[in-house]
Amino acid sequence: MNMNVMNVDYSTKIPNNVNLAADRQVLKALEGWHPGYIDWWHDMGPDGFQQSLVYLRTAYSVDPRGWAKFDYVKMPDYRWGILLAPQEENRKIPFGERYGEPAWQEVPGEHRAMLRRLIVIQGDTEPASVEQQRHLGKTAPSLYDMRNLFQVNVEEGRHLWAMVYLLQKYFGRDGREEADELLRRRSGDADSPRMLGAFNEKTPDWLSFFMFTYFTDRDGKMQLHSLAQSGFDPLSRTCRFMLTEEAHHMFVGETGITRVVQRTCDAMKAAGIDDPTDINKVRALGVIDLPTIQKKLNLHYSLSLDLFGSEVSTNAANAFNAGIKGRYHETQIDDDHQLKNATYPVLKLIDGEIKRVDEPALTALNMRLRDDYTQDCVKGMLRWNKVISTAGYDYKLSLPHTAFHRAIGEFKDVHATPDGVLIDDTTWNKRKDEWLPSQSDGDFIVSLMQPVTEIGQFAPWISPPKVGIDNKPGDFEYVKIES
Amino acid sequence: MAGEDRVLASGAKYIDFQTDPSRYRHWKLDVNGDVATLTMDVDEEGGLFEGYQLKLNSYDLGVDIELADAVQRLRFEHPQVKVVVLRSAKNRVFCAGANIRMLAGATHAHKVNFCKFTNETRNGMEDSSENSGQRYIAVVNGTAAGGGYELALATDHIILADDGSSSVALPEVPLLAVLPGTGGLTRVVDKRKVRRDHADFFCTIEEGIKGKRAVAWRLVDEIAPNSKLEAKIAERAKEFAEASPRRGDGKGVALTPLKRSIDDNTIRYGFVAVDVDRPARIATISIQAPDAAPPADIDGMLAQGASFWPLQVAREIDDAILHLRVNELEIALIVFKSHGDPASVQAYDAFLETNKAHWLVNEIRHFWKRVLKRIDVTSRTLVALVEPGSCFVGTLAELVFAADRSYMLIGSREGDNRPAPVLQLTALNFGPYPMSHGLTRLESRFQADPSDLTRVRERIGEALDAEQAEELGLVTFALDDIDWDDEIRVFLEERASFSPDSLTGMEANLRFVGPETMESKIFARLTAWQNWIFQRPNAVGEEGALRRYGSGQKPRFDMTRV
C-alpha cells in the first residue's frame, strides 16, 4: 500500500498515518482496546453533551501548513487516531551517550523499561485532565468556551491514543497491560489514582480550567518538547505532532485568563472603582477581583512546578544520558549535548537559606526544564498585565517564588511567602489564605459559574473573544445542544 | 571516595547500638492491645554518617539499629503483642532499600558489617514470629524496592496496595550491578517459593511487579485497593492474633539502658568487660558469673527485670560484639574468658531450663541463641581460654564451642590460688541454642560420629577437667602450666599475622559443619557472592554502577564472565 504519510488513512476503524492496515497485530490490539476506551469516554469523559453536535477540528494530515478540518461532530464519534509527524531521513540521536548515532526505530533493549515508564507517565496525564474537567460543560460561560473545552478534551483523548499506540506497538504484552491500566486509573480515585499529584486535584470552576490549561498543560508542553527530542524516533514523531495540537490548549488558557482580566477591568472602570484590591466592591460587580486571580495563579503555578520533579534527579540524568529524553529545544543548544563536565545553577535550601548552587548539569535537567517553563509562563503574564495597565490600574500579576507552596523537591519541607521569604508554620497557617484561594474565594467563584448557552452570549464575568474559532462570527453556534 | 573513612554525623566518636523509642529518628512504635504498628518514617537528615541524605525511606545502619531495637523491645517489653504491622509513613513509598550514596561512599568493611547487621535484624523478625508468636505483617503502600522489599520479605504476610503503582522490586542487578544484600534472592525462592524462572525475570527488571501478577507469582500474599486497605490490615491482624501461640501476660520487662563506660582501650559493663590490646590486635571479652543465686521463682525474676543475670549478660555481650565489629576493624582476635563460681552459672541454667514455659524465660533463651549466632558470624578469629577461676558452664560453655580454637589449662597455675578450671555441660548445650544451620554447636562439632554426642550428653552436670574435656572433644587443646603461656602467645601471634581476608573465608567455611537452612544460606551467599561483587570494578570501580549511580552516566562493565 502506497500511502502518503502526510495524509491520514481513514479506511480503517482507527484513522492513522502509520500504515496500520498493513500492521495487523497492532491494529488488532488497538481494536481490542477501542471498546474499553469508548467505555471510559462514556464513564469519565464530559458529563452530558455526548449527543450534542460540537464544532470540532479533526486532524486529516500532519502537514503543519494545514492539518485539521472543522465540522460538527458528536464527541463519541470523534475520529481518534494515530498520527505521527513525518519521519526525518537519517535522523540522529541528538544528545546523550549515543549522540550522533542513528535514531532508534525499534526499542533498544537496555532502555526498554525506562522508555515504557516515561510513556506511561506521559500517557497517564492525558485522560486524567479529561476526568478532572468532566463537569465543566454544565457551567460553561458560553458555547464558544464549551466548544473549546470539548476540543481540549477530545484531543487529550487522542494523545492517550498516541501513547497507547507506542505501548502496543513496541512493548509487547507489558505494553498492552499498561495500556489497559491507563483506562483503569482515575483522577482523584482513592484506590487507583492517576500517577502525578496535580492530576488528582479537582478542577472546580472555569477559572481553574483556564489556569490549568495555561500552567499545567504548559508543563505537558515542556515534557512533550523534551520527548520530541528522543532518540527513539517513534516517540519523537508522536510528540512532535502532539505539540501541534497542544498549542490550542495553551491558547485556551492564555486567552481565557486574558478575557477574565479584561472583563474585571472593564467592570471596575465602568463602576468607577479606583482600587482593584477593594475585593468586596469588585465582587459586588459580579466579576472576579484581581487579587483572587493572583491567588489562583499562585496555586496552579506551584502545583505545576511540582510536576517537574526533584531539582536534582537521577532519573532525568539517566534518561538524558540514555538518549531517551532531551532538553527543551535540544538541537538549538550549542554545547556537547552530553553534559560531560557542565554545571547548572540549582536553587537549594542550605542551612535555612535559599541559595543558588552549581550542580552537575546532567542531574540538574529537571531544574533546567523548569526554568525554561518559567520563562515560557512569563509571556502570558505580560499580556495580562498589559490589559490591566491599559485600563489604567496599577496592579501587576506575578509568578510566585519557586519555594512557595511546594510539595516536591528542595522546598517541600519549608514554607515561603510568594516573595520567597522563609516563614515558620504558624505564620504560614495564619497567612496562607492571603496567598492561596480560600474556601470563601472558591465559593465566590463557584457562585459566578452560571451556564450561558444562548448563541453569542457570554457570562458576565468574562469578555467575549476577539476572534472566533475557525474565523466564525460572534453569533456562531459552536455547540448544538441536544434537546 | 569508596574506601575512604566517612565522618560520623554530629561529631559521634563511634557507632552506638544502644537506643530506645524516645530517641528514634526514623521509626515510630505504637502499641494498641495485641497489635503493634511499626511505622518507618526515615528522617532524610538523620544519616549515621555525613555526606548523604536518606531519601524515600532509604536506610543506613542507624535506621536499622532502631529497627532492631524495636523488634527486641516488642519481645521483652510487650508480652501482650501478637501482631506487628510494619508500614511506611511516606506517601507512595514503602522503602527504597539501603541508601545507595551511603553504600557508594562506604568502606568495604562497613558495607559488609551493615549487611550483616541488617540480615540479623530481619532474621530476628522471623525468629520473633516463629518463637515468640509475634507475627509480622508488611503493608506495602507504595514502592518497595531492593532492601525495601527484602524488609517486607522478612515478614509473615505481605499486603500490597492495588493502586496501579505500588510495586515490589529487586532492582539491584539491572540498576546497581550488585545483589540484594539482605537475603532477597534466597527468600524469594526458598521462603516464598517463587518459581525460579519467575524470580529470574523479577530480579532483572528495575520497575518491579505490581497488582495481580505480584500475587500470582507469590511475591506478595494479597492485594487490596486503598479504600479497603485499612480494613484488610485490621482483619489480618485480628486473624493472626487469634492464631498466635503467644500467651504473654502482665507487664513486660523494660530494657533499661545498659550501664556502660567506653574508654580508648576498655569497655566496662556490669558483668562483661572488653579489653583491647592494640599492638597484639586482640580484644578480650571477660564475663563475670552472677554474684547471687538465681531468684526463687518467676516473680523474683520479673522483679529483677533487665538486671536478671542471663538477660543482662546477653545484652552486654551483644553490645560488645556489635561494637567490636563496626568500631574496631583492626582487631584480629576475640578472646573469651570467664570468671566466677561455676555452680552459680549452673544454677541459672537450671532456672532457665525449669521455667522454660514462661514467656520471659523463653525470650531470654531465644535471645541467647541470637547472641551466640551473632558471634558465629563475626568475622574475627574466636578464641576461648578456659583458665583457673573460669566458669564456662552450660550457656557460657557455648562460647567455647563457638570458638575457632579453645585452650584449657590442665590443673592450676603456680602461685595462683584459684581452682583448676572445669568445663561443665547443662541441658542448654543440647537444644535451645542452635546455630543458623539448625544444629547445636555440639551436634555440628561431632558430625564425624554421632556417638560422640551421646557420650558427652551422659556427662551433663559433671565438672570436667581439662584432660577429660580434651578427651571428649570439647576443647581443642589441654595444656599444662609449663606450655600454656608460650603456646597461647605463639598461637595468638601467628593468627594475627595471617591475611585477615583468608582467615575470614576459612573460618566461615569451617564453622558451620553440616546441612544448610535458609538462614545459613543467606549468610553464606552474602559472604561468597555479595562480598565478591561489592569488590569488583563493575560495581565500585570509577566507572562502576555504584559509583555512577545518580550521575546519569552509564556504568561501564568488564564483560568477562568470571
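Residues numbered from 1 in each chain as written. Chains lettered and ligands numbered in written order. Predicted model: local features only at pLDDT ≥ 70, side-chain atom pairs only at ≥ 80, totals over all residues. Heavy atoms only, no water.

For the rest of this paragraph, the subject is the interface of chain A and chain B. A common way to report how large an interface is uses the accessible area buried once the components associate. Facing 26 residues of chain A, the contacting portion of chain B comprises 21 residues. Interface of chain A and chain B: buried area, both sides summed, is about 1,900 Å²; carbon and sulfur atoms make up 33% of it. On the chain A side of the contact with chain B, Glu97, Asp191 and Thr314 of chain A bury the most area, a combined 26% of that side's loss. The salt bridge involving arginine 116 of chain A is made with glutamate 207 of chain B; its shortest N-O contact spans 2.0 Å. Applying the counting rule to chain A against chain B returns 10 residue pairs in polar contact (both at pLDDT 80 or more). Residue assignment for the side of chain A that touches chain B shows that the elements contributing at least two residues are helix H2 (112-132), helix H4 (172-184) and helix H9 (314-321) of chain A. Per-element tally for the side of chain A that touches chain B: the top contributor is H4 of chain A, with six residues. (Contact = heavy atoms within 4.5 Å. Buried area = accessible area lost by both parts, 1.4 Å probe. Salt bridge = Lys/Arg side-chain N within 4 Å of Asp/Glu carboxyl O. Polar contact = N/O pair within 3.5 Å; in protein donor to acceptor, adjacent residues only side chain to side chain. Helix = DSSP H or I, 4+ residues; strand = E, 2+ residues; numbered from the N terminus.)

In this section: the domain arrangement of chain B. Residue and element names in this part refer to chain B. If you check the domain split of chain B, you get domain 1 (9-243) and domain 2 (261-505). Between the C-alpha centres of domain 1 and domain 2 the distance comes to 33 Å. Of the roughly 1,900 Å² buried at the junction of domain 1 and domain 2 (both faces included), carbon and sulfur atoms supply 53%. Linking aspartate 127 and arginine 370 is a salt bridge whose minimum nitrogen-to-oxygen distance equals 3.0 Å. Taken together, domain 1 and domain 2 are joined by 13 residue pairs in polar contact (both at pLDDT 80 or more). Elements represented by at least two residues in the side of domain 1 that touches domain 2 include exactly helix H1 (61-77) and helix H3 (108-132). Considering each element in turn, the side of domain 1 that touches domain 2 owes the most residues, nine residues, to H3. Among the residues forming the side of domain 1 that touches domain 2, the class breakdown is eight nonpolar, six polar and four charged. (Domains from an automatic or database assignment. Nonpolar A, V, L, I, M, F, W, Y, C, P; charged D, E, K, R; others polar.)

In this model helix H10 (residues 365-390) of chain A runs 38 Å from its N-terminal to its C-terminal C-alpha over 26 residues, within 8% of the 38 Å that 1.5 Å per residue would give. Where H10 of chain A ends, the next residue or the one after it, glycine 392 of chain A, has phi of about 95°, a positive value. (Expected span 1.5 Å × (residues − 1).)

Moving on to the packing of aromatic side chains. For the coordinates displayed, the defined rule picks out 41 aromatic pairs over all chains. Aromatic rings pair up to connect Trp33, Tyr37, Trp40, Trp41, Tyr78, Trp80 and Trp161 of chain A into one cluster. The ring of tyrosine 72 of chain A is capped by lysine 480 of chain A, whose NZ or CZ atom sits 4.3 Å from the centre of that ring. Over the aromatic face of phenylalanine 534 of chain B sits the side chain of lysine 111 of chain B, whose NZ or CZ is 5.4 Å from the ring centroid. (Phe/Tyr/Trp six-rings, centres within 6.5 Å; stacked < 30°, edge-to-face > 60°. Lys NZ or Arg CZ within 6 Å of the ring centre and 35° of its normal.)

The biggest cluster of nonpolar side chains holds 112 residues, and the ones touching the most others in it are Val261 and Trp461 of chain A. Dropping the residues within four chain positions of it, tryptophan 461 of chain A is found in contact with Pro141, Trp206, Phe210, Val260, Arg263, Gly286, Val287, Ile288, Leu448 and Met449 of chain A. Core analysis: the second largest hydrophobic core is formed by 71 residues, Tyr269, Phe271, Tyr433 and Leu453 of chain B among them. (Core = buried A, V, L, I, M, F, W, Y, C linked by side-chain atoms within 4.5 Å. Buried < 20%, exposed > 50% of the residue type's maximum accessible area, 1.4 Å probe, protein only.)

The next point concerns the sheet that holds strand E11 (residues 209-210) of chain B. The strand order E5-E8-E10-E11 (chain B) describes an open sheet built from four strands, whose pairing is mixed. The sheet is open, and its two edges are formed by strand E5 (93-95) and E11 of chain B, each paired on a single side. (Pairing = 2+ DSSP bridges.)

Next up on the list: the pairing of strand E4 (residues 353-360) of chain A. All names here are of chain A. Relative to E4, strand E3 (residues 343-350) runs antiparallel, the two being bridged by eight bridges. Across the sheet, isoleucine 350 pairs through a bridge with glutamate 353, a residue of E4. Counting the residues that bridge the hairpin from E3 to E4 gives two residues, and of these aspartate 351 lies at a positive phi of roughly 50°.

All names here are of chain B. Two elements in contact, H3 and helix H20 (residues 518-535), have axes separated by 11 Å at closest approach and are oriented at 160°. The angle between H3 and H20 falls in the class roughly antiparallel. For the pair H3 and H20, the sense of crossing is right-handed. On H20, the residues that touch His108, Lys111, Val112, Cys115, Lys116, Asn119, Glu120, Asn123 and Glu126 of H3 are Met518, Glu519, Ile522, Phe523, Leu526, Asn531, Phe534 and Gln535. Grouping the constituent residues of the contact of H3 with H20 by class yields seven nonpolar, five polar and five charged. (Axes fitted to C-alpha atoms, helices over the stretch in contact; angles between N-to-C directions. Parallel < 35°, antiparallel > 145°, perpendicular 65-115°, else oblique. Left-handed = near helix turned anticlockwise from the far one by under 90°.)

Turning our attention to the side chain of serine 192 of chain A. On the secondary structure map, serine 192 of chain A appears in the loop between H4 and helix H5 (206-228). When near neighbours in sequence (up to four residues on either side) are disregarded, serine 192 of chain A contacts Arg184, Arg185 and Arg186 of chain A together with Asp163 of chain B.

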